[in-house]
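Chain by chain, the residues run as shown.
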Amino acid sequence: MEKQTIFDAVQQIFRDNFDDDTLVLTRETCADDIEDWDSLEQINLLTAIEKKFSLKFKLEDVRGLKNVGDLLDLIERMAG
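A brief look at the structure comes next.

Quick notes on the rules
Residues numbered from 1 in each chain as written. Predicted model: local features only at pLDDT ≥ 70, side-chain atom pairs only at ≥ 80, totals over all residues. Heavy atoms only, no water. Salt bridge = Lys/Arg side-chain N within 4 Å of Asp/Glu carboxyl O. Helix = DSSP H or I, 4+ residues; strand = E, 2+ residues; numbered from the N terminus. Axes fitted to C-alpha atoms, helices over the stretch in contact; angles between N-to-C directions. Parallel < 35°, antiparallel > 145°, perpendicular 65-115°, else oblique. Left-handed = near helix turned anticlockwise from the far one by under 90°. Contact = heavy atoms within 4.5 Å. Nonpolar A, V, L, I, M, F, W, Y, C, P; charged D, E, K, R; others polar.

Comments concerning the pattern of salt bridges
A full pass over the atoms with the stated rule returns 2 salt bridges. Between Lys3 and Glu76 there is a salt bridge, with its nearest N and O atoms 4.0 Å apart. With Lys3 in helix H1 (residues 3–18) and Glu76 in helix H4 (residues 68–79), this residue pair connects regions lying 73 residues apart in the sequence. The closest approach of N and O atoms between Arg27 and Asp73, which form a salt bridge, is 2.9 Å. Of the two residues, Arg27 sits in the loop between H1 and helix H2 (39–53) while Asp73 sits in helix H4, which places them 46 residues apart along the sequence.

Written out as structure tokens, the structure is:
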């Protein structure tokens with residue numbers, strides 16, 4: 001799967017979950033950058049991403065994620 005395809009899908013998931021069609025992600029975007037991004041929203045995001053890409057994250061997969069770039073890299077590795 002192409003990096004841009006993954007990025008576009010993840011950005012749309014973020015826009016849907018945060019109900020903000022103007023939200024623009026970068027690889028450096030982190031929870032501190034989005035006001036409503038809390039632990040519950042993290043679970044909602046990961047669940048939506050799992051569903052979109054037919055993945056199943058393990059706790060150790062997501063525990064060390066620092067930003068959107070780390071998340072994109074994880075999706076790319078898992079989606080192959």
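Following the structure, the description resumes.
With respect to the packing of H1 against H4
Contact pair H1 / H4: the axes reach a minimum separation of 10 Å and the direction vectors enclose 125°. What the angle tells us is that H1 and H4 run oblique. As H1 runs across H4, the sense of the crossing is right-handed. Side by side, H1 and H4 meet where Lys3, Ile6, Phe7, Val10 and Phe14 of the first sit next to Val68, Leu71, Leu72, Ile75 and Glu76 of the second. Residue composition of the contact of H1 with H4, grouped by class: 8 nonpolar, no polar and 2 charged.

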